[in-house]
Amino acid sequence: MDRSDETPSYCPAPAAPAAPVPDGRVAGPPYADCLQCGKPTEYGVATPGVVLCPVCEWQEAQRTACSG
């Protein structure tokens, strides 16, 4: 079988976005406190939404990944 006649079996890479997509993260310092344990997070105080420290983020990801 000659593979030169086949079409590629992969999807082409998406085009790069024109501008970086903001994820809502605001740089610190000052850093926001975790809403669950109160330890400092990696997010600035002006970051919108629920702000968790790396440990609580990981634990929340574990809980949501296993529920279902």
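Above this text you will find the structure in question.
Peer 1: Can you explain the overall build of the chain? Please cite residues and give values.
Peer 2: Of regular secondary structure, the chain possesses 1 helix and 2 strands. Order of helices (α) and strands (β) in the chain, N terminus to C terminus: β-β-α. Taking all 68 residues of the chain together, 15% fall into the buried category. Long-range contacts, defined as pairs at least 24 residues apart, comprise 6% of the intrachain contacts of the chain with a sequence gap of at least 6. Working note: accessible area of the chain is about 5800 Å², and carbon and sulfur atoms make up 60% of it.

Peer 1: Just give me the short version of the pattern of salt bridges, but keep the residues and values in it.
Peer 2: Think of it this way: side chains of opposite charge can pair up when their charged atoms draw near. Per the stated rule, a full pass over the model turns up 1 salt bridge. For Glu60, the salt bridge identified is with Arg63, shortest N-O distance 2.9 Å. Residue Glu60 and its partner Arg63 are both found in helix α1 (residues 54–66); the two are separated by 3 residues, about one turn of the helix. By relative accessible area, Glu60 is classed as partly exposed at 28%. Residue classification places Arg63 among the partly exposed residues on the basis of a relative accessible area of 45%.

Peer 1: So what about the state of the cysteines? Which residues, and what values?
Peer 2: Tallied over the entire structure, the rule returns 0 disulfides. Cysteine Cys37 shares no disulfide, and the gap to the nearest cysteine sulfur, in Cys53, comes to 3.6 Å. Note on Cys37: relative accessible area 40%, which makes it partly exposed. For Cys53, a relative accessible area of 3% translates into the label buried.

Peer 1: With reference to specific residues and values, describe the side chain of Thr41.
Peer 2: By the element assignment, Thr41 lies in strand β2 (residues 40–44). For Thr41, the side chain forms a polar contact with the main-chain oxygen of Ala32, separated by 2.9 Å. A polar atom in the side chain of Thr41 sits 3.2 Å from the backbone nitrogen of Tyr43.

Definitions and cut-offs
- Residues numbered from 1 in each chain as written.
- Predicted model: local features only at pLDDT ≥ 70, side-chain atom pairs only at ≥ 80, totals over all residues.
- Heavy atoms only, no water.
- Helix = DSSP H or I, 4+ residues; strand = E, 2+ residues; numbered from the N terminus.
- Buried < 20%, exposed > 50% of the residue type's maximum accessible area, 1.4 Å probe, protein only.
- Contact = heavy atoms within 4.5 Å.
- Areas by Shrake-Rupley, 256 points an atom, 1.4 Å probe, with all protein chains shown as cover.
- Salt bridge = Lys/Arg side-chain N within 4 Å of Asp/Glu carboxyl O.
- Disulfide = S-S within 2.5 Å.
- Polar contact = N/O pair within 3.5 Å; in protein donor to acceptor, adjacent residues only side chain to side chain.

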